[in-house]
Amino acid sequence: MQACSIGGGAIEVHKINGIDVLFTGAFNTLVIHNHDEYGTLAAVTTILSQLHINVANMSLNRAKRGGDALMVLETDQHIKPSQVEFLRDLPGILSLTYYDKEDEEYGFSLRR
């Protein structure tokens, strides 16, 4: 992971596993490492829509066509652990990390 401080305790993440990204952690954030194949992005966003979870920011980057890709979806709403697990089990998903900025107990939660 490559990140930098942008002042005031805020950060920007610029690279994960050699793939360019850009997000700050200001929102609940899904970081999804997946195969670069048709339908994976659509499956994730369709499920989020069905759960009434609004995507605030989104990026999709890949190292090469047909290789590994990285989706970053920042959401306005909290995503429940069972919903994260459901997304993690979708075809084509290699790994999923969820940063929950709304976690009341610790202030954050990273779920792999």
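Cut-off values and rules
- Residues numbered from 1 in each chain as written.
- Predicted model: local features only at pLDDT ≥ 70, side-chain atom pairs only at ≥ 80, totals over all residues.
- Heavy atoms only, no water.
- Core = buried A, V, L, I, M, F, W, Y, C linked by side-chain atoms within 4.5 Å.
- Buried < 20%, exposed > 50% of the residue type's maximum accessible area, 1.4 Å probe, protein only.
- Helix = DSSP H or I, 4+ residues; strand = E, 2+ residues; numbered from the N terminus.
- Contact = heavy atoms within 4.5 Å.
- Pairing = 2+ DSSP bridges.
- Axes fitted to C-alpha atoms, helices over the stretch in contact; angles between N-to-C directions.
- Polar contact = N/O pair within 3.5 Å; in protein donor to acceptor, adjacent residues only side chain to side chain.
- Salt bridge = Lys/Arg side-chain N within 4 Å of Asp/Glu carboxyl O.

Visitor: Help me understand the nonpolar core, please; the structure alone is not making it clear to me.
Guide: Generally speaking, soluble globular proteins have nonpolar side chains that are buried together. With 15 residues, the main nonpolar core has Leu30, Ile32, Val44, Leu48, Leu87 and Leu96 as its most contacted residues. Elements supplying a minimum of two residues to this core: strand E4 (28–35), helix H1 (40–50), strand E6 (68–75), helix H2 (81–88) and strand E7 (93–99). Setting aside anything within four residues of it in sequence, one finds leucine 87 in contact with Leu30, Val44, Ile47, Leu48, Ile93 and Leu96. In this structure, Val13, Ile16, Val31 and Val72 belong to the second largest nonpolar core, which totals eight residues.

Visitor: I would appreciate a short explanation of unusual backbone geometry in the present structure.
Guide: One non-glycine residue, histidine 52, lies in the positive phi region at around 60°. One can find histidine 52 in the loop between H1 and strand E5 (55–62). Taking the relative accessible area as the measure of exposure, histidine 52 reaches 69% and is therefore exposed.

Visitor: I keep staring at the sheet that holds strand E3 (residues 19–23) and nothing clicks. Help me out?
Guide: Think of a sheet as strands paired side by side through backbone hydrogen bonds, with each pair either parallel or antiparallel. Ordered in space as E1-E2-E3, the three strands form an open sheet in which the pairing is antiparallel. Whereas interior strands pair on both sides, the edge strands pair on one side only; in this sheet they are strand E1 (2–7) and E3. Taken pair by pair, the neighbouring strands of this sheet meet at an average axis angle of 20°, ignoring direction. In the sheet, E1 pairs with strand E2 (residues 10–16) via five bridges, with the strands oriented antiparallel. Across the sheet, glutamine 2 pairs through a bridge with lysine 15, a residue of E2.

Visitor: I would appreciate a short explanation of the environment of threonine 24 in the present structure.
Guide: Looking at where threonine 24 falls in the secondary structure, it is placed in the loop between E3 and E4. Note: C-alpha distance between threonine 24 and serine 95 (71 residues apart in sequence) is 20 Å. For threonine 24, the contacting residues outside a window of four places in its chain are Ile11, Glu12 and Glu74. Looking at threonine 24, its side chain comes within polar contact range of the main-chain nitrogen of alanine 26, at 3.2 Å.

Visitor: Honestly, the pairing of E3 in this entry has me stumped. Any pointers?
Guide: Remark: a regular strand shows side chains that alternate across the two faces of the sheet. Only one face of E3 is buried: it carries Ile19, Val21 and Phe23, and the other face, with Asp20 and Leu22, is open. Of the strand pairs in this sheet, E2 and E3 are connected by three bridges, and their pairing is antiparallel. The residue of E3 that forms the bridge with valine 13 is phenylalanine 23. Connecting the antiparallel pair E2 and E3 is a turn made up of two residues, with asparagine 17 showing a positive phi of about 50°.

Visitor: Explanation requested: the pattern of salt bridges in the structure shown.
Guide: Evaluation of the coordinates by the stated rule reveals two salt bridges. Close ionic contact of arginine 62 with aspartate 36 constitutes a salt bridge, the shortest N to O distance being 2.8 Å. Taken together, the residues span a long stretch of sequence, with arginine 62 in strand E5 and aspartate 36 in the loop between E4 and H1 at a distance of 26 residues. Given the relative accessible area of 46%, arginine 62 is considered partly exposed.

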